[in-house]
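Okay, here's what each chain looks like letter by letter:
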Amino acid sequence: MDEIVTLDAVALANTIKSRQVSCVEVMEAYLDQIDRMNPRVNAIVSLQPREILLAQAQALDEQLARGEYLGWMHGLPHAVKDLEPTAGIRTTLGSPLFRDFIPKTDSIMVERIKRAGAIIIGKTNVPEFGMGSQTYNPVFGTTLNAYDQTKTAGGSSGGAAVALALRMLPVCDGSDFAGSLRNPAAFNNVLGFRTSFGRVPSDLQELFSASFAVHGPMARTVPDLAMLLSVLAGYDARAPLSLHEDPAQFTESLKRGFTGARIAWLGDFGGHLPFDAGVLELCRSSLKVFADLGCHIDEVVPDYPLERLWQSCLTLRSWLVASRYREFYDNPAQRALIKPEAQWEIERGLEVTGRAIADALSVRSAWYQVVRALFDKYDFLLAPAGQVFPFDASIHWPTEVGGQRMDTYHRWMEVMIPITISGCPALSVPAGFNAVGLPMGVQIVGPNHGEMSCLQLAYAYDQATGWVSRQLPARLSEEICSPVSQESGAYSSTR
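So, how was this worked out
- Residues numbered from 1 in each chain as written.
- Predicted model: local features only at pLDDT ≥ 70, side-chain atom pairs only at ≥ 80, totals over all residues.
- Heavy atoms only, no water.
- Helix = DSSP H or I, 4+ residues; strand = E, 2+ residues; numbered from the N terminus.
- Rg over C-alpha atoms; globule rule 2.2 N^0.38 Å.
- Buried < 20%, exposed > 50% of the residue type's maximum accessible area, 1.4 Å probe, protein only.
- Contact = heavy atoms within 4.5 Å.
- Areas by Shrake-Rupley, 256 points an atom, 1.4 Å probe, with all protein chains shown as cover.
- Lys, Arg positive; Asp, Glu negative; His and termini not counted.
- Charge placed at Lys NZ, Arg CZ, Asp CG, Glu CD.
- Core = buried A, V, L, I, M, F, W, Y, C linked by side-chain atoms within 4.5 Å.
- Phe/Tyr/Trp six-rings, centres within 6.5 Å; stacked < 30°, edge-to-face > 60°.
- Pairing = 2+ DSSP bridges.
- Axes fitted to C-alpha atoms, helices over the stretch in contact; angles between N-to-C directions.
- Disulfide = S-S within 2.5 Å.
- Parallel < 35°, antiparallel > 145°, perpendicular 65-115°, else oblique.
- Left-handed = near helix turned anticlockwise from the far one by under 90°.

1. Here we look at the overall build of the protein chain
Line of reasoning, step 1. A count of helices and strands for the protein chain gives 17 helices and 15 strands.
Line of reasoning, step 2. Computed over C-alpha atoms, the radius of gyration of the protein chain comes to 21 Å, within 12% of the 23 Å expected from 2.2 N^0.38 for 495 residues, which places it in the range of a compact globule.
Line of reasoning, step 3. With the principal axes as the frame, the protein chain shows a C-alpha extent of 60 × 60 × 45 Å.
Line of reasoning, step 4. Here the protein chain, with 495 residues, has 63% of them falling under the buried criterion.
Line of reasoning, step 5. Considering only intrachain contacts with a sequence separation of at least 6, the fraction spanning at least 24 residues in the protein chain is 76%.
Line of reasoning, step 6. When the accessible surface of the protein chain is summed, it comes to about 17700 Å², and 51% of that surface belongs to carbon and sulfur atoms.
Line of reasoning, step 7. If the 42 positive side-chain charges of the protein chain are averaged to one point and the 53 negative ones to another, these points end up 1 Å apart.

Structure follows, in structure tokens:
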């Protein structure tokens with residue numbers, strides 16, 4: 001494996017900027033890595049022709065030679081989540097309905113990634129319409145876990161997480177409604193950051209009420225995560241509720257002391273949530289790391305009925321899904337191409353009344369106040385980033401967790417929902433592995449708009465644990481070469 005792909009994104013960006021390595025060399029190294037790894041896991045789809053990508057890399061080398069440095073992602077290969085429009089590159093949403101759809105324009109997020117100098121090489125695989133935390137679809141098939149190719153990658157940013165873990169990409173973008181950044185990060189031993197609503201602007205859905213789904217970065221290190229967030233974040237007039245705060249804040253130092261920081265551990269929410277054997281115990285074991293950082297940790301059960309949260313989420317999610325996909329459902333021929341879980345969402349959404357929507361929104365507002373009050377006492381919340389370990393990739397979704405039957409296709413992800421509904425940022429960090437080598441993670445949750453504090457705590461935790469580099473996927477361990485010094489950004493060519 002080429003030494004280039006072992007570099008963290010920050011170190012790689014430094015070597016490109018200083019012209020220790022060319023954009024062409026970087027592109028060749030990553031395309032070679034994709035050729036080695038992707039056929040085994042199916043993480044990257046709609047990969048563009050090598051000659052076109054190398055020509056784009058050459059053009060960026062020429063710009064750099066003229067002193068025209070575009071930004072932090074200058075020359076970095078990047079594949080965009082396949083829910084996001086990319087001009088001139090197929091965007092399928094994992095659905096046969098969009099199998100041949102080629103957008104004419106980029107989304108706001110893709111515009112920013114390109115403006116920072118990245119080369120869009122293709123897309124990362126997703127579940128159909130991004131629904132469900134299992135990345136399979138009838139267009140491209142199933143994405144397999146980086147650590148065990150018989151297991152699921154999670155989702156819906158499953159392709160992104162696997163591509164990161166197997167060093168096929170330096171950093172990745174993703175999105176999250178009910179855990180789609182946090183779950184695949186936990187399942188593949190990388191980092192995923194669900195941001196506050198408005199932190200990363202988007203105009204892909206209704207602009208004022210669709211505040212559940214957000215965009216965010218994925219990475220192998222916290223500095224990489226922060227740097228990508230600095231590219232993605234910032235106000236855009238096309239997204240009127242986007243935040244005006246300067247995204248340059250995320251380029252600042254992440255070092256901070258945590259002596260005396262107060263953390264509330266949510267665990268299983270007072271016994272409300274079931275877990276498969278070993279998951280909760282593994283997540284709980286990470287608390288010692290936070291305690292060693294100087295944090296004071298209390299086990300807390302929020303004073304609010306979680307079933308009410310779940311039901312309100314079901315109502316609002318189905319309503320939003322039906323609003324977006326009803327036109328396809330109403331056509332019988334197109335409806336036949338929609339997976340059963342999506343049809344179920346649409347059908348529920350079509351039955352939702354205005355009163356039900358108002359009631360669900362009231363629940364969300366009440367829950368936000370409960371969480372806000374928690375942050376009057378605590379600096380952070382911690383919660384597991386899953387209720388099950390990665391499961392068999394041939395199963396669409398777990399029907400049972402911890403001996404309890406799951407009544408919907410996504411109930412096994414319920415631990416994500418209280419965080420989603422709160423609107424707070426949540427950063428999934430690795431928590432370790434079970435006895436058979438399957439990963440899990442924990443969510444670091446900050447107050448609304450508290451992304452920087454989440455990054456700082458995650459950085460301290462990651463420095464103490466080093467899970468991403470400490471336990472590599474077996475496929476990488478077979479091929480990896482000795483890493484270079486990443487603090488200095490030095491690069492010693494293997495060519």
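Still more ground to cover, so stick around.
2. Focus on the nonpolar core
Line of reasoning, step 1. One finds Trp72, Met73, Met168, Met218, Leu427, Ile444 and Leu455 to be the most contacted residues of the largest nonpolar core, which totals 153 residues.
Line of reasoning, step 2. When residues of this core are assigned to their parent elements, the largest contribution, 10 residues, is made by helix H2 (residues 23–41).
Line of reasoning, step 3. Beyond its immediate sequence surroundings of up to four residues, leucine 427 is in contact with Leu191, Gly192, Phe193, Leu225, Val442, Gln443, Ile444, Cys454, Leu455 and Ala458.
Line of reasoning, step 4. Formed by 15 residues, the second largest nonpolar core is a distinct cluster that contains Met131, Tyr325, Ile338 and Ile346.

3. Focus on the packing of aromatic side chains
Line of reasoning, step 1. Per the counting criterion, the structure on display carries 12 aromatic pairs.
Line of reasoning, step 2. Consider the rings of phenylalanine 177 and phenylalanine 212, whose centres lie 5.1 Å apart with planes at 15°: the pair is stacked. A residue pair is termed long-range when its members are at least 10 positions apart, and phenylalanine 177 in the loop between strand S6 (172–176) and helix H6 (182–187) and phenylalanine 212 in the loop between strand S7 (191–194) and strand S8 (214–219) qualify at 35 residues.
Line of reasoning, step 3. Owing to a relative accessible area of 14%, phenylalanine 177 belongs among the buried residues under this scheme.

4. As for the sheet that holds strand S2 (residues 77–81)
Line of reasoning, step 1. Read from one edge of the open sheet, three strands run S1-S3-S2, paired in mixed fashion. Since the sheet does not close on itself, it has two edges, and those belong to strand S1 (44–45) and S2, each with one partner.
Line of reasoning, step 2. Across two bridges, the pairing between S1 and strand S3 (residues 119–124) is antiparallel. Opposite isoleucine 44, over in S3, you have threonine 124 as the bridge partner.

5. Quick word on unusual backbone geometry
Line of reasoning, step 1. A cis amide bond, omega 10°, links glycine 155 with the succeeding residue serine 156.
Line of reasoning, step 2. Along the chain, serine 156 falls in the loop between strand S5 (141–142) and helix H5 (158–165).
Line of reasoning, step 3. Its identity as a non-glycine residue notwithstanding, asparagine 42 has a phi of 60°, on the positive side.
Line of reasoning, step 4. In this fold, asparagine 42 is placed in the loop between H2 and S1.
Line of reasoning, step 5. With a phi close to 60°, phenylalanine 129 is a non-glycine residue in the positive phi region.
Line of reasoning, step 6. Checked against the element boundaries, phenylalanine 129 lands in the loop between S3 and strand S4 (136–137).
Line of reasoning, step 7. Overall, phenylalanine 129 belongs to the buried group, its relative accessible area being 7%.

6. What to know about the sheet that holds S8
Two modes of strand pairing occur in sheets, parallel and antiparallel, and in both the strands are linked by backbone hydrogen bonds.
Line of reasoning, step 1. With mixed pairing, the eight strands of this open sheet are ordered in space as S6-S8-S7-S14-S15-S11-S9-S10. Each edge of the open sheet carries a strand with a single partner, namely S6 and strand S10 (296–299). Taken pair by pair, the neighbouring strands of this sheet meet at an average axis angle of 30°, ignoring direction.
Line of reasoning, step 2. For strand S14 (residues 426–433) and strand S15 (residues 439–445), the ladder comprises seven bridges, and the chain directions are antiparallel. By the bridge assignment for S15, valine 429 is matched with valine 442.
Line of reasoning, step 3. Its contacts with the sheet place H5 against S6 and S8, and it is angled at close to 20° to S8.
Line of reasoning, step 4. Along the sheet, helix H15 (residues 451–465) contacts S7, strand S9 (262–265), strand S11 (380–384), S14 and S15; its crossing angle with S14, the most-contacted strand, is approximately 15°.

7. As for the state of the cysteines
Line of reasoning, step 1. Enumeration according to the criterion identifies zero disulfides in this entry.
Line of reasoning, step 2. Unpaired in this structure, cysteine 313 has its nearest cysteine sulfur neighbour in cysteine 424, at a distance of 15 Å.
Line of reasoning, step 3. Among the residues examined, cysteine 313 registers a relative accessible area of 4% and is labelled buried.
Line of reasoning, step 4. We note that cysteine 454 lacks a disulfide partner, and the nearest cysteine sulfur, in cysteine 424, lies 8.6 Å from it.

8. Some thoughts on the pairing of S15
Line of reasoning, step 1. The element S15 is largely enclosed, with a buried count of seven among its seven residues.
Line of reasoning, step 2. Direction of pairing for S11 relative to S15: antiparallel, over a ladder of four bridges. From the neighbouring strand, leucine 382 faces S15, where its bridge partner is isoleucine 444.
Line of reasoning, step 3. Counted between consecutive antiparallel strands, the loop separating S14 from S15 contains five residues, among which glycine 437 sits at a positive phi close to 85°.

9. Structural notes on the packing of helix H10 (residues 306–329) against helix H13 (residues 354–377)
For any two helices packed against each other, one specifies the crossing angle of their axes together with the interaxial distance.
Line of reasoning, step 1. Across the interface, H10 lies against H13 with an axial gap of 9 Å and an inter-helix angle of 130°. By the angle class used here, H10 and H13 are oblique. Regarding H10 and H13, the two cross each other, and that crossing is left-handed. Contact with H10, carried on its side by Arg308, Leu309, Ser312, Thr315, Leu316 and Trp319, involves Ala356, Ile357, Ala360, Leu361, Val363 and Trp367 of H13 and no other residues of that element.

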